[in-house]
Amino acid sequence: MNLGIRDKKALVTGSTKGIGFAAALGLAQEGARVWINGRTAQAVKSACGHIREQLPNAKVEGINADLGSAAGCNAVIDQLPAVDILVNNLGIFEPKPFEEIPDEDWLRFFEVNVLSGVRLSRHYLPGMRGRDWGRILFIASESAVQIPEEMIHYGMTKTAQVSVARGLAETTKGTGVTVNSVLPGPTRSEGVETFVQQIADQQGMTFDEMEQEFFANIRPSSLIQRFATTEEVANMIVYLSSQRASATNGAAVRVDGGVVKAAL
């Protein structure tokens, strides 16, 4: 299937690994011109190299900048003034009891997870409207719907992303621009894998045993009863970035393995 995004300019934030990298790879496979983003030049160079290894003809470049600040966002904008596809994937998480989360953590999570996407969307959206075509995606989480008690500050930012995406979609009425959010469920990204493996090691368990324990006791509502792969999540991101998804706007699309027990 031709997704209609060949040579479209795509920026994927926080894309040196995990879901972001898988999304960048998927977009490159469809012929898009992809910009990888990460905090360090080495990480960005490595990610670009991995994509070129798999796709020798890929059109991929990199921009290293910390998007957890206005200066970092401006640095990206200076190097890449216009894009057709913006995937706001950058995000951080950290389990911590509510009583132990200081103001600084609330502000840091909001600035990294929410304001990075707000700042970039604020710049790129007018150009998309002017060209009458564009895609903006916010990679949120099922935690936007089911706030995890072990990291309330993270859940708060994911709900905020969904709200921003829906509000921005309202401003695209009658245009060829769409704004949507994607809600992955538990996904076996590098960060999650490392976190789960550490817990498994502490309890003298294998990763597979810990995975079974996780879905039996922490996410028992999951219908697939396993971690999704980053590629499975990226498939939805790539589709929503495409011409084929032109009638999907203002949506919060779940790729959560059925964790959220809701019909809608």
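That block above? That's the structure.
Just so we're clear, the structure is a prediction, and the values are computed from it rather than from any experiment. (Residues numbered from 1 in each chain as written. Predicted model: local features only at pLDDT ≥ 70, side-chain atom pairs only at ≥ 80, totals over all residues. Heavy atoms only, no water.)

Engineer: Looking at this structure, how should I read the overall build of the protein chain?
Structural biologist: If you tally the helices and strands in the protein chain, you get eight helices and seven strands. Over its C-alpha atoms the protein chain spans a radius of gyration of 18 Å, differing by no more than 12% from the 18 Å that the globule rule assigns to 264 residues. Along the longest, intermediate and shortest principal axes, the C-alpha atoms of the protein chain span 55 × 40 × 40 Å. Here the protein chain holds 264 residues, and 48% of them are scored as buried. Put simply, of all contacts in the protein chain between residues at least 6 apart along the chain, 72% involve residues at least 24 apart. Carbon and sulfur atoms make up 51% of the accessible area of the protein chain, which amounts to about 12,500 Å² in all. Of the charged side chains in the protein chain, 25 are positive and 29 negative; the average position of the first set lies 11 Å away from that of the second. (Helix = DSSP H or I, 4+ residues; strand = E, 2+ residues; numbered from the N terminus. Rg over C-alpha atoms; globule rule 2.2 N^0.38 Å. Buried < 20%, exposed > 50% of the residue type's maximum accessible area, 1.4 Å probe, protein only. Contact = heavy atoms within 4.5 Å. Areas by Shrake-Rupley, 256 points an atom, 1.4 Å probe, with all protein chains shown as cover. Lys, Arg positive; Asp, Glu negative; His and termini not counted. Charge placed at Lys NZ, Arg CZ, Asp CG, Glu CD.)

Engineer: Looking at this structure, I do not really get the nonpolar core. What am I missing?
Structural biologist: Considering soluble globular proteins, one finds that nonpolar side chains tend to be buried as a cluster. Membership of the largest hydrophobic core comes to 37 residues, with the highest contact counts inside it found for Leu27, Ile36, Ile51, Val87 and Ile237. At the level of elements, β1 (9-12), α1 (18-29), β2 (33-38), α2 (41-54), β4 (85-88), β5 (134-139), α8 (230-240) and β7 (252-255) are the ones that each hand at least two residues to this core. Tallying contributions element by element places α1 first for this core, with eight residues. Counting 24 residues, the second-largest nonpolar core is a separate cluster that includes Leu67, Leu80, Leu120 and Phe138. (Core = buried A, V, L, I, M, F, W, Y, C linked by side-chain atoms within 4.5 Å.)

Engineer: Mind showing me how you'd approach the packing of aromatic side chains here?
Structural biologist: Remark: the centre distance and the inter-plane angle together describe each pair of aromatic rings, the angle taken between the planes. A full pass over the atoms with the stated rule returns seven aromatic pairs. With 6.0 Å between their ring centres and 45° between their planes, Phe207 and Phe227 make a pair best called tilted. With Phe207 in helix α7 (residues 207-217) and Phe227 in the loop between α7 and α8, this residue pair connects regions lying 20 residues apart in the sequence. Overall, the relative accessible area of 5% leaves Phe227 in the buried class. Sitting over the face of the ring of Trp133, Lys8 holds its NZ or CZ atom 4.2 Å from the ring centroid. Arg135 extends its terminal NZ or CZ atom over the ring of Trp133, reaching a point 4.3 Å from the ring centre. (Phe/Tyr/Trp six-rings, centres within 6.5 Å; stacked < 30°, edge-to-face > 60°. Lys NZ or Arg CZ within 6 Å of the ring centre and 35° of its normal.)

Engineer: Where do I start with the pattern of salt bridges in this structure?
Structural biologist: Side-chain pairs of opposite charge can arise where the charged atoms are in close proximity. What the rule picks out here adds up to 13 salt bridges. A salt bridge links Arg226 to Glu232; the nearest nitrogen and oxygen atoms lie 2.9 Å apart. Through salt bridges with shared partners, one network takes in Glu94, Lys96, Asp105 and Arg108. (Salt bridge = Lys/Arg side-chain N within 4 Å of Asp/Glu carboxyl O.)

Engineer: Honestly, the environment of Glu193 in this entry has me stumped. Any pointers?
Structural biologist: As for its placement among the helices and strands, Glu193 is situated in helix α6 (residues 190-202). Beyond its immediate sequence surroundings of up to four residues, Glu193 is in contact with Arg188 and Phe207.

Engineer: Explain the pairing of strand β3 (residues 59-64) to me, please; I cannot follow it from the model alone.
Structural biologist: A regular strand carries its side chains on alternate faces of the sheet. Where β2 and β3 come together, six bridges link them in parallel fashion. Pairing of Ile36 across the sheet is with Gly62, part of β3. The parallel pair β2 and β3 is bridged by α2, and the resulting crossover is right-handed. (Pairing = 2+ DSSP bridges. Right-handed = clockwise from strand over helix to strand, strands pointing away.)

Engineer: Looking at this structure, how should I read the side chain of Arg135?
Structural biologist: By the secondary structure assignment, Arg135 is in strand β5. Here Arg135 is buried and forms no salt bridge, its nearest opposite-charge partner Asp132 lying at an N-O distance of 8.8 Å.

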